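# Chain and residue survey
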Amino acid sequence: MDLGVRWKLHGDGKSPAPGAVVRPDERLTWPRTVGLGAQHVVAMFGASFVAPVLMGLDPNLAIMMSGVATVIFLLATRGRVPSYLGCSLSFVGVAAVIRADGGSSATVTGAILVVGVALFLVGLAVQKFGARIIHAAMPPIVTGAVVMLIGFNLAPVTATTYWPQDQWTALLVMLFTGLAVVCLRGFWSRIAIFLGLVFGYLISWIFDLTLGKIHSADASGKVTDHWRLDLSGVSKADWIGLPTFHGPTFQWSAILVALPVVIALVAENAGHVKAVGEMTGDSLDDKLGTAISADGVASVLSTAVGGPPNTTYSENIGVMAATRVYSTAAYWAAACFALLFGVCPKFGAVVAAIPGGVLGGITVILYGMIGLLGAQIWLHGKVDLRNPLNLVPAAAGIIIGVGNVTMKFTDTFSLSGIALGTLVVITGYHALRAFAPAHLKTQEPLLDEGTSKYDESGENPARPDQP
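Along each chain, the written sequence defines residue order, and numbers are assigned to residues from 1. Local features in this predicted model are restricted to residues whose pLDDT is 70 or higher, and side-chain atom pairs enter the listing and the counts only when it is 80 or higher, whereas totals over whole chains, interfaces and linings include all residues. Calculation of side-chain values draws on the structure's entire complement of heavy atoms; hydrogens and water are dropped beforehand.

Going by an unreviewed UniProt entry, the protein chain carries the name Nitrate reductase and comes from Streptomyces bauhiniae. The UniProt entry for the protein chain carries the following comment under Sequence similarities (unreviewed entry): "Belongs to the nucleobase:cation symporter-2 (NCS2) (TC 2.A.40) family." UniProt positions are given in the numbering used here, feature names are shortened, and annotations may be inferred rather than shown by experiment.

Written as structure tokens, this is what we have:
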């Protein structure tokens, strides 16, 4: 059985040719592959630490289970879908609502476990009936809008959490990383994001030595005088130690609050698989159901031991977009790093000490790349944004997702951001399509399998009503 754990060496394994793509079944030399794996870990660390902290869960356990989840995902997809599974930010609001109603950590993880089961069942349905049921609900205009709002929804994280901590460091890191991506050659350009982080560490250290403490918001958002690079947590952390485990408990009220998030998770997975397919040039429709089910299984396993849910990570898709290295070997290396971090609180503390300003400079580029992949899907799908049937639902959903608009239905149930934006795009498109005049519906056949292909020629297949 091919589990996708064998890779061909790409060229000489050292310096890919300019513009060359390292495919999922290829790899660079192992030292370079390990380095790329480390870059993927660093890319996901910020959100994977922040999300569980906001949810009141153990961040070290989150990192460990993200490694386990990534292994499950890579094995399930037979190494065809390069992706990292990290802690999902979609549940932060849900966790806050559950805790506000007196729920414990076990209640939070129990409710999310049920969502994981629902996600697994959706994946089975896609495997049974084919990817066309997803494409029927989410044609290119919808998937492009979802990918775009997922990426741009992360913008406030940069603008309100990371960038204000040290705006000048953020600006320098952004400029350095941009120059590294564009101007460096060979392997060095492929690890530009990692180089940007190292540069940011050094700049923060130099600024602390020369300028002293900075008066700005810290990681908690409180404006204080603090060091840019605070390594105090490193000395206090143990070298080896297990994270905190606990079992789930189930309450219907909490489950009902959490269940709508499955919409966002299906959209995230479909959008991410579509985005990876766009970047690699392969149609991954046959793996869409498997990817969704694998995400569900990984989330169930993580929440069963007290960890947060997992999802395919936009941050790492951004890293692939920047490096053009899609080797799943790098993700195996990343998963191994994550497992080690989970039992090494000290090393995790080093990575967690990355200054907020540094993350601000990096995420400006990464999050923007993710959002613009949605535009790439529109271009490949030849989506006509002059058509109001396409323009109206996409415009509304993107603004809702980017602005993190909230709809409160009851005191205990609301939808916001990605979930609400996705729902508006999907339901808005199909509702408008049901009432739209015939001439607005003739751009593409909704159920034609050709709408899900990545055809480099750009030719649309003939509609069923045409010879």
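### Regarding helix 2 (residues 59-76)
Here a helix means four or more residues in a row that DSSP labels H or I, a strand means two or more in a row labelled E, and each is numbered from the N terminus. Expected span of a helix: the number of residues minus one, times 1.5 Å. Taking 1.5 Å as the rise per residue, helix 2 with 18 residues should run 26 Å; its terminal C-alpha atoms sit 25 Å apart, in good agreement. With 13 of its 18 residues buried, helix 2 lies for the most part within the structure. Between N or O atoms, a polar contact is any pair within 3.5 Å; within protein, one atom must be a potential hydrogen donor and the other a potential acceptor, and residues adjacent in sequence are included only when both atoms are from side chains. Two or three places before asparagine 60, at the opening of helix 2, aspartate 58 has a side-chain oxygen 3.0 Å from that residue's backbone nitrogen. A 1.4 Å probe rolled over the protein chains alone gives each residue an accessible area, and that area as a share of the maximum for its type sets the label: buried under 20%, exposed over 50%, partly exposed in between.

### As for the packing of helix 7 (residues 155-162) against helix 18 (residues 356-380)
Fitting a line to C-alpha atoms yields each axis, with helices limited to the stretch in contact; the angle taken between N-to-C directions then spans 0 to 180 degrees. Remark: helix 7 packs on helix 18, axes separated minimally by 9 Å, with the N-to-C direction vectors making an angle of 160°. What the angle tells us is that helix 7 and helix 18 run roughly antiparallel. Regarding helix 7 and helix 18, the two cross each other, and that crossing is left-handed. Residues Ala155, Val157, Thr158 and Tyr162 of helix 7 lie in contact with helix 18, whose contacting residues are Gly356, Gly357, Leu359, Gly360, Thr363, Val364 and Tyr367. Within the contact of helix 7 with helix 18, the residues separate by chemical class into six nonpolar, five polar and no charged. Each angle gets one of four labels, with under 35 degrees taken as roughly parallel, over 145 as roughly antiparallel, 65 to 115 as roughly perpendicular, and the rest as oblique. Crossing handedness follows the turn of the near helix against the far one: under a right angle anticlockwise gives a left-handed crossing, and clockwise gives a right-handed one. Residue contacts are defined here by distance: any two heavy atoms, one from each residue, within 4.5 Å place the two residues in contact. Residues are grouped as follows: nonpolar covers Ala, Val, Leu, Ile, Met, Phe, Trp, Tyr, Cys and Pro; charged covers Asp, Glu, Lys and Arg; every other residue, Gly included, is treated as polar.

### A word on empty space enclosed by the protein
For cavity detection a 1 Å grid was placed over the protein atoms alone, and a set of points counts as a cavity when a 1.4 Å probe fits there but cannot get out; an open set counts as a pocket when protein lies on both sides within 12 Å along at least five of seven lines, with lining residues being those that have an atom within 4 Å of a point. Grid points are joined across faces, edges and corners, and a volume is the space filled by probe spheres set on the points. If you walk through the whole model with that rule in mind, you get three cavities of 30 Å³ or more. Of the pockets and cavities examined, the second largest cavity occupies roughly 60 Å³. Residue lining of the second largest cavity: ten residues in total, with His135, Ala270, Lys274, Asp285 and Leu288 positioned closest to the centre. Residue assignment for the lining of the second largest cavity shows that the elements contributing at least two residues are helix 5 (132-137) and helix 13 (261-280). Broken down by element, the residue count for the lining of the second largest cavity peaks at three residues, all from helix 13. By residue class, the composition of the lining of the second largest cavity is six nonpolar, two polar and two charged.

### So, the packing of aromatic side chains
Side-chain rings of Phe, Tyr and Trp, where Trp is taken by its six-membered ring, are said to pair if the distance between their centres is within 6.5 Å; with planes under 30 degrees apart they count as stacked, over 60 as edge-to-face, and otherwise as tilted. A full pass over the atoms with the stated rule returns two aromatic pairs. Between phenylalanine 176 and phenylalanine 199, the ring centres sit 4.2 Å apart and the planes meet at 5°, which makes this aromatic pair stacked. With phenylalanine 176 in helix 8 (residues 167-183) and phenylalanine 199 in helix 10 (residues 192-211), this residue pair connects regions lying 23 residues apart in the sequence. In this structure phenylalanine 176 comes out as partly exposed when scored by relative accessible area, which is 29%. Ring plane angle 20° and centroid distance 6.1 Å describe the contact between phenylalanine 337 and phenylalanine 341, whose orientation is recorded as stacked. Of the two residues, phenylalanine 337 and phenylalanine 341 both sit in helix 16 (residues 328-342), four residues apart, roughly one turn of that helix. For phenylalanine 337, a relative accessible area of 23% corresponds to the partly exposed category.

### Description of the pattern of salt bridges
Put simply, a salt bridge is a Lys or Arg side-chain nitrogen that is within 4 Å of an Asp or Glu carboxyl oxygen. Overall, the coordinates contain four salt bridges when judged by the stated rule. With a closest N to O distance of 3.2 Å, arginine 228 and aspartate 166 form a salt bridge. Here aspartate 166 lies in the loop between helix 7 and helix 8 and arginine 228 lies in the loop between strand 5 (223-226) and helix 11 (232-236), a separation of 62 residues in the sequence. Here arginine 228 matches aspartate 166 in class, with each residue buried. The shortest N-O distance in the salt bridge between arginine 228 and aspartate 208 comes to 3.1 Å. One end of the pair, arginine 228, is in the loop between strand 5 and helix 11; the other, aspartate 208, is in helix 10, with 20 residues separating them in the sequence.

### Things to note about the environment of leucine 389
Tracing the backbone shows leucine 389 in helix 19 (residues 388-403). Taking the C-alpha atoms as reference, leucine 389 lies 9.1 Å from glycine 428; in sequence the two are 39 residues apart. With residues up to four places along the chain from it excluded, the contact list for leucine 389 reads Tyr429, Leu432, Arg433, Ala436, Leu440 and Lys441.

### What to know about the side chain of threonine 303
Inspection of the secondary structure puts threonine 303 in helix 14 (residues 288-304). A relative accessible area of 0% means that threonine 303 is categorised as buried. Here the side chain of threonine 303 touches serine 299 through a polar contact of 2.7 Å, landing on its backbone oxygen. Residues within four places of threonine 303 in sequence aside, it is in contact with Thr109, Ile112, Leu113, Pro248, Pro308 and Pro309.

### Structural notes on the environment of leucine 385
With respect to the secondary-structure elements, leucine 385 resides in the loop between helix 18 and helix 19. Counting along the chain gives ten residues from leucine 385 to alanine 395, while the straight-line C-alpha distance between them is 9.8 Å. Among residues more than four places away in sequence, those in contact with leucine 385 are Ile141, Trp378 and Leu391.

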